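# Structure assessment
Single-letter residue listing:
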Amino acid sequence: MPIREISTRPYNDQKPGTAGLRKKVAVFQQPHYLENFLQSIFDVESGLRGQSLVIGGDGRYYNREAIRIAIAMAAANGIARVIVGQGGLLSTPAASHLIRLRRAGGGLIFTASHNPAGPDGDFGLKYNVASGGQATEALTARIYEHSRTIQRYRIVEGADIDIDRRGVQKLEECEIEVIDGVADYAALMQSLFDFDRIRDWLRNGHRLRFDAMHAVTGPYAQRILVETLGAPPDAVDNGSPLEDFGGGHPDPNLIYARPLVELAQRADAPDLIAASDGDGDRNMILGRGIFVSPGDSLALLAEHLHKLPGYRDGLRGVARSMPTSRAVDRVARALNVECHETPTGWKFFTQLFDAGRLTLCGEESFGTSSSHTREKDGLWAVLAWLNVLAATGRSVRELVEAHWRRFGRHYYARHDYEGLPSSAALRVLQTLTDANAHLVGKSFGEWTVTQADEFSYRDPVDGSLAVNQGLRVIFGERARIVLRQSGTGTEGAVLRLYLERYENRETALDWNPADALAPLAHIAEECAHIAELTGRRAPSLVT
Ligand code: VG1
Ligand code: CO
């Protein structure tokens, strides 16, 4: 099978967003589209030559085809060994772990996360580096620049690799190793958590329900929760990965995981109800009669993590993305550990982990993880919660209410305005930017603006600067409004408005979140004129 050099022409739209390159499947299916981007990675990352490369994806439509192309190109670009998950499946956190475990030079993760799949859905690609984390902004920029001038790519023609058969196959000089994509990840989880205690907790009659949403976590949940921890088979719902995710939207939140919210409200609800997203890096946590907001989940894990075997030494530091609720900051203060505020997207946490300054971090978008890997990790969060429940003997509700009584409560919501013309989105952002210049000192009812600006971030490890990371209006400790444009959408522009309100009065701890946040939504409209400028009366999604 010959290595061929194929001539090509650049596309110019291959600029990665918050989490890699994400486009409609039809865009990826254009001639040489995927090849151009892959070759740009191989050209820019010339150090990959002679090294191992991890390849896997979330199983969505076009996953197998993309992996076939990636393997053939890796072999033609001097990669010594490709490590690929059986059936082309690797969850994002499992892929990140494998890169580290096998000391690979990097990894290709094919996913568009929770975005709908199928021929009319989305596809995507993330390139992760040797640390297991996503390529930095600077590296992605170099790859993008290269993709704009690319003239040729290298591929082994007629390559025929069976990714369903475990073992080593050879392609030119390259060894293709097809592995069980679950085993190493499951062993990692076992090393972090008290599996015996969780097993006892389940044996004592506690119940668990995990919804894999027909995406990549099915086989992981089956192996770990059912086969290893002894949960009954019906504890895992929608456990078989499907190319179209069963037509669903594997984005675990109050809207797309509505059945779980309803289940949690029943008197006979399981003790822990959870779900993950398309590529296994997000998590949603509910208990009987309660939904745990991602910001609260992060804060509670920070509070209890030292009770779990992998974290007995305590926390080195915590971090959250800027829009994420500041609940974890309070716990960090109580524990006297560093607390970092980073731009949206997991790549900003990676440096802090590598520098040993971080143990736990999270985002409002249902992402939580720890230093065990360099991506957010859905099943890790579920197991951490299970272990906290088993270790404390308390219910989700008891734990959350105790947390609110001790630290106060951060009411939180995100309002998404999807599919906007980009001119409208820009007008809204400009309006708030202009307003921000005059907001400091201004009072809205009981709240006074203490800071109004655009967030930028100086990486404390490598000194790099990320600008333009979202507009914020801060009312001291009491409240916050954040507005930014999404970097993962594939149709039009998406604006995200984040609202946060803090209360520590005993009487203010059990309000309805929508009611608690209504005054802030009002102020946001007054400052940014979203409804007026977009013609949308209400957000398309509230989570
Ligand atoms: C969104 C979330 C962000 C998350 C990113 C990738 O980005 O807000 O917190 O890191 O998705 O998550 P944006 O730019 O659309 O707001 V995933 O699960 O797609 O890897
Ligand atoms: Co995801």
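Residues numbered from 1 in each chain as written. Chains lettered and ligands numbered in written order. Predicted model: local features only at pLDDT ≥ 70, side-chain atom pairs only at ≥ 80, totals over all residues. Heavy atoms only, no water.

## Regarding the domain arrangement of the protein
For the record, the criterion: Where each domain starts and ends follows an automatic or database-derived domain assignment. Two residues qualify as a contact provided that any one of their heavy atoms is within 4.5 Å of a heavy atom in the partner residue. Once two parts are put together, the accessible area they lose, assessed with a 1.4 Å probe and summed over both, is termed the buried area. Think of a salt bridge as a Lys or Arg side-chain nitrogen and an Asp or Glu carboxyl oxygen that are within 4 Å of each other. Pairing of N or O atoms within 3.5 Å defines a polar contact, subject to two protein rules: one partner must be a possible hydrogen donor and the other a possible acceptor, and residues neighboring in sequence count only if both atoms are side-chain atoms. Helix and strand assignments come from DSSP, with helices taken as H or I runs of at least 4 residues and strands as E runs of at least 2, each series counted from the N terminus.
Looking at the protein, the domain boundaries give domain 1 (3–181), domain 2 (185–407) and domain 3 (409–542). Each of domain 2 and domain 3 has a C-alpha centre, and these two points are 26 Å apart. At the interface, 27 residues of domain 2 touch 29 residues of domain 3. Overall, the association of domain 2 and domain 3 removes approximately 2,500 Å² of surface from exposure, summing both partners, and the carbon and sulfur fraction of that is 55%. Applying the counting rule to domain 2 against domain 3 returns six salt bridges. A salt bridge links Arg472 to Glu341, with the shortest nitrogen-to-oxygen separation between them at 3.5 Å. At the junction of domain 2 with domain 3, the criterion picks out 13 residue pairs in polar contact (both at pLDDT 80 or more). Put simply, the parts of the chain that give the side of domain 2 that touches domain 3 at least two residues each are α11 (327–335), β16 (338–342), α12 (347–354) and α14 (396–407).

## Examining the packing of helix α2 (residues 33–44) against helix α3 (residues 63–76)
Describing two packed helices takes the angle between their axes plus the distance from one axis to the other. This is how it is decided: Axis angles are defined between N-to-C directions and span 0 to 180 degrees, where every axis is a line fitted to C-alpha atoms and, for a helix, only to the segment in contact. Roughly parallel refers to an angle under 35 degrees, roughly antiparallel to one over 145, roughly perpendicular to one between 65 and 115, and oblique to any angle outside these ranges. Whether a crossing is left-handed or right-handed is set by the direction in which the near helix is turned from the far one by less than a right angle, anticlockwise for left-handed and clockwise for right-handed. Under the convention adopted here, Pro, Cys and the residues Ala, Val, Leu, Ile, Met, Phe, Trp and Tyr are nonpolar, Asp, Glu, Lys and Arg are charged, and Gly plus all remaining residues are polar.
Where α2 meets α3, the axes come as close as 11 Å, and the angle between the chain directions of the two elements is 40°. If you check the angle between α2 and α3, you find them oblique. Crossing of α2 against α3: the hand is right-handed. Residue-level inspection shows Leu34, Glu35, Leu38, Gln39 and Phe42 of α2 in contact with α3, the latter providing Ala66, Ile69, Ala70, Met73 and Ala74. Partitioning the contact of α2 with α3 into residue classes produces eight nonpolar, one polar and one charged.

## Concerning helix α15 (residues 422–439)
This is how it is decided: Multiply 1.5 Å by the residue count of a helix minus one, and that product is the helix's expected span. The buried label goes to any residue with under 20% of its type's maximum accessible area, the exposed label to any with over 50%, and the partly exposed label to all in between, with areas taken from a 1.4 Å probe on protein chains only. The arc in question is traced by the directions running from the helix axis to the C-beta atoms.
If you check α15, its first and last C-alpha atoms are 25 Å apart, about what 18 residues at 1.5 Å a residue would give, namely 26 Å. The set of residues buried in α15 consists of Ala424, Ala425, Val428, Leu429, Leu432, Asn436 and Leu439. Angular distribution of buried residues about the axis of α15 spans 135°; they occupy a single face of the element. Along α15, the residues that are exposed and aim more than 90 degrees away from the buried face are Leu426, Ala437 and His438. After α15 finishes, the residue Gly441 shows a positive phi value of roughly 95°.

## Regarding the coordination of the cobalt ion (ligand 2)
The cut-off we apply is this: Excluding water, the donors of a metal are its N, O and S neighbours within 2.8 Å, or within 3.2 Å for Na, K and Ca, and that exclusion means sites may look incomplete.
Here the cobalt ion (ligand 2) is held by the protein donor atoms Ser113 (OG), Asp277 (OD), Asp279 (OD) and Asp281 (OD), which lie 2.0 to 2.2 Å from it. All donor residues of the cobalt ion (ligand 2) come from one chain, and their arrangement in sequence is S-x163-D-x1-D-x1-D. Given the relative accessible area of 0%, Asp277 is considered buried.

## Brief notes about the side chain of Gln134
Within the secondary structure layout, Gln134 lies in the loop between β6 (122–129) and α5 (137–147). At a separation of 2.9 Å, a polar atom in the side chain of Gln134 contacts the side chain of Glu375. Those residues in contact with Gln134, other than ones at most four positions away along the chain, are Thr18, Ala19, Lys126, Tyr127, Asn128, Trp346, Lys347 and Glu375.

## Details of the site of ligand 1
Applicable threshold: For this description, a residue counts as near a given molecule or strand if any of its non-hydrogen atoms is within 4 Å of it.
Neighbouring ligand 1 are 20 residues, the closest being Thr18, Ser365, Ser486, Thr488 and Arg496. A distance of 2.6 Å is found between an oxygen atom of ligand 1 and a side-chain nitrogen or oxygen belonging to Ser113. The contact in question runs from an oxygen atom of ligand 1 to an N or O atom on the side chain of Thr488, over 2.5 Å. Of the residues that constitute the shell around ligand 1, the class distribution is one nonpolar, nine polar and 10 charged.

## Points about helix α16 (residues 513–528)
With 16 residues, α16 extends 22 Å between its outermost C-alpha atoms, agreeing within 8% with the 22 Å of an ideal straight helix rising 1.5 Å per residue. Within the span of α16, buried status applies to Ala516, Leu517, Leu520, Ile523, Ala524, Cys527 and Ala528. The backbone nitrogen of Ala514 lies 2.8 Å from a side-chain oxygen of the residue at the head of α16, namely Asn512. His529 lies just past α16 and shows a positive phi near 55°.

## Points about the state of the cysteines
Formally: Criterion for a disulfide: a pair of cysteine sulfur atoms at a distance within 2.5 Å.
Inspection of every chain in the model, using the stated rule, returns zero disulfides. Of all cysteine sulfurs in the structure, the one in Cys361 sits closest to Cys339, which takes part in no disulfide; the separation is 11 Å. Classification of Cys339 by relative accessible area gives partly exposed; the value is 33%.

## Side note on the sheet that holds strand β10 (residues 208–211)
Inclusion rule: Strands pair, by our definition, only if DSSP identifies at least two bridges between them.
With mixed pairing, the five strands of this open sheet are ordered in space as β11-β10-β12-β13-β14. Every interior strand has two partners, whereas the edge strands, β11 (236–237) and β14 (290–292), have only one. Here four bridges tie β10 to strand β12 (residues 272–276), and the two strands are oriented parallel to one another. Directly across from Leu208, in β12, lies its bridge partner Leu272.

## Thoughts on the nonpolar core
Nonpolar side chains in soluble globular proteins generally cluster together in the buried interior. The condition that has to hold: We call a set of buried residues a nonpolar core when its members are Ala, Val, Leu, Ile, Met, Phe, Trp, Tyr or Cys and they connect through side-chain atoms within 4.5 Å of each other.
Counting 72 residues, the largest nonpolar core has Met189, Phe193, Leu225, Leu272, Trp380 and Trp385 as its most contacted members. Top contributing element to this core by residue count: helix α13 (residues 378–392), with 11 residues. When residues of this core are assigned to domains, at least three fall in each of domain 1 (3–181) and domain 2 (185–407). Aside from chain neighbours lying at most four places away, what touches Trp385 is Leu272, Ile285, Val292, Ser297, Leu300, Leu301, Val396, Leu399 and Val400.

## Looking at the pairing of strand β5 (residues 106–110)
Within β5, five of the five residues are buried, which leaves the element mostly enclosed by the surrounding structure. Residues of β5 alternate between two faces, with Gly106, Leu108 and Phe110 on one and Gly107 and Ile109 on the opposite face, all of them buried. Pairing of strand β3 (residues 52–57) with β5, which is carried by five bridges, proceeds in the parallel orientation. Within β5, the residue paired with Gly57 across the bridge is Phe110. Pairing of β5 with β6 involves five bridges; the strand directions are antiparallel. Looking at the pairing, Leu108 lines up with Tyr127 of β6.

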